[in-house]
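If you want the building blocks of each chain, they are given just below.
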Amino acid sequence: MGVEGSRARHVAIIMDGNGRWAKRHRLPRAAGHRRGVEAVRKLVRSLRGFDLECLTLYAFSSENWKRPVDEVDDLMTLMRRFIRSDLQEFVDNGVRLKIVGDWRALAPDIVAMLDDALERTRHGERTLAVGLNYGAQQEIVRAARAAAAAGPITTETLEAHLDTADLPPLDLMIRTSGEMRLSNFLLWQAAYAELVFVDTLWPDFTADMLAAALDDFERRERRFGGR
Ligand code: FPP
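Definitions and cut-offs
- Residues numbered from 1 in each chain as written.
- Predicted model: local features only at pLDDT ≥ 70, side-chain atom pairs only at ≥ 80, totals over all residues.
- Heavy atoms only, no water.
- Salt bridge = Lys/Arg side-chain N within 4 Å of Asp/Glu carboxyl O.
- Helix = DSSP H or I, 4+ residues; strand = E, 2+ residues; numbered from the N terminus.
- Buried < 20%, exposed > 50% of the residue type's maximum accessible area, 1.4 Å probe, protein only.
- Pairing = 2+ DSSP bridges.
- Axes fitted to C-alpha atoms, helices over the stretch in contact; angles between N-to-C directions.
- Near = heavy atom within 4 Å.
- Polar contact = N/O pair within 3.5 Å; in protein donor to acceptor, adjacent residues only side chain to side chain.
- 1 Å grid on protein atoms, 1.4 Å probe; cavity = no way out; pocket = protein on both sides within 12 Å on 5 of 7 lines; lining within 4 Å.
- Sits in = over half its atoms within 2 Å of the grid points.
- Nonpolar A, V, L, I, M, F, W, Y, C, P; charged D, E, K, R; others polar.

## Comments concerning the pattern of salt bridges
With the rule as written, the count across this model stands at 22 salt bridges. The partner of Arg29 in a salt bridge is Glu71, with the nearest N and O atoms 3.1 Å apart. Of this pair, Arg29 sits in helix H2 (residues 29-46) while Glu71 sits in helix H3 (residues 69-92), placing them 42 residues apart in sequence. Measuring nitrogen to oxygen at the nearest pair gives 2.9 Å for the salt bridge that ties Asp166 to Lys98. Within this pair, whereas Asp166 is found in the loop between helix H6 (155-159) and strand E6 (172-175), its partner Lys98 is found in strand E4 (residues 95-100), the two being separated by 68 residues in sequence. Note on Lys98: relative accessible area 13%, which makes it buried.

Below you can see the structure in the form of structure tokens.
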């Protein structure tokens, strides 16, 4: 029998559409990313009103390095500012920061800021996981190598070496901006996740839209391959 009406513990979001939002408002792309960060900030502030254990956001993919250097710089600057301005609020609101991806390859000052942020937020009861220099295929290769070095590879041993090993199973994946693909985000974890695609561009995404996606999730019957 399918599991209907179960509560989501872990939601992931592919935040897409900053560039198109900027274009629609006749603003530079950087303004779209700035408004994207604003949407992140508001959503994280709203987390207290949700019964979620983990929200995972795709902020920078392994493939995003292919963007023009100015845009990559803008995104990194926004990252630095965001950590500086919002870290204390995370601590105060019980938000535990977690990073997934090959984030230690980022600029040394960002790595140091993140190390500090991880340490200071480690007792938070709700997790905000952020994908930084994240690619699911690369994550699976890293996990497979680590699992093989430790013994036989099974789905369980491989999973135990994924970046998300300490997070609840992924229940729901949302992508904004009308694109319908996973773009190398949490491919293993999405095996049985429900998918919700919304047309809203990321800077316009609100907590009410997350609530609507969760309502949709709760109405779906999940079978996990059974019947
Ligand atoms: C997609 O928009 C968005 C990104 C590539 C980056 C997402 C980043 C943020 C929301 C800001 C950084 C986040 C934090 C946590 C500081 P796009 O540029 O691909 O949009 P387009 O497809 O319309 O061009």
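## Points about the sheet that holds E4
The pairing of strands in a sheet happens through backbone hydrogen bonds and is either parallel or antiparallel. Read from one edge to the other, the open sheet built from 6 strands follows the order E4-E5-E3-E2-E6-E7, with strand pairing classed as parallel. Edge positions in the sheet fall to E4 and strand E7 (194-197), since each of these pairs with one other strand and no more. Direction aside, neighbouring strands of the sheet carry axes that sit 20 degrees apart on average. By the bridge criterion, 5 bridges tie strand E2 (residues 10-14) to strand E3 (residues 54-61) in an arrangement that is parallel. The partner of Ile13 across the bridge, within E3, is Leu57.

## So, the site of the ligand
Within the structure, the ligand sits among 16 residues, and Met15, Gly19, Arg20, Arg29 and Arg67 are positioned closest to it. One nitrogen or oxygen atom from the main chain of Gly19 is found 3.0 Å from an oxygen atom belonging to the ligand. A distance of 2.8 Å separates an oxygen atom of the ligand from a polar side-chain atom of Arg29. More than half of the atoms of the ligand fall within 2 Å of the grid points belonging to the largest pocket. For the shell around the ligand, a count of residues per class yields 6 nonpolar, 6 polar and 4 charged.

Treat this as a map of the structure, not an account of what it does.
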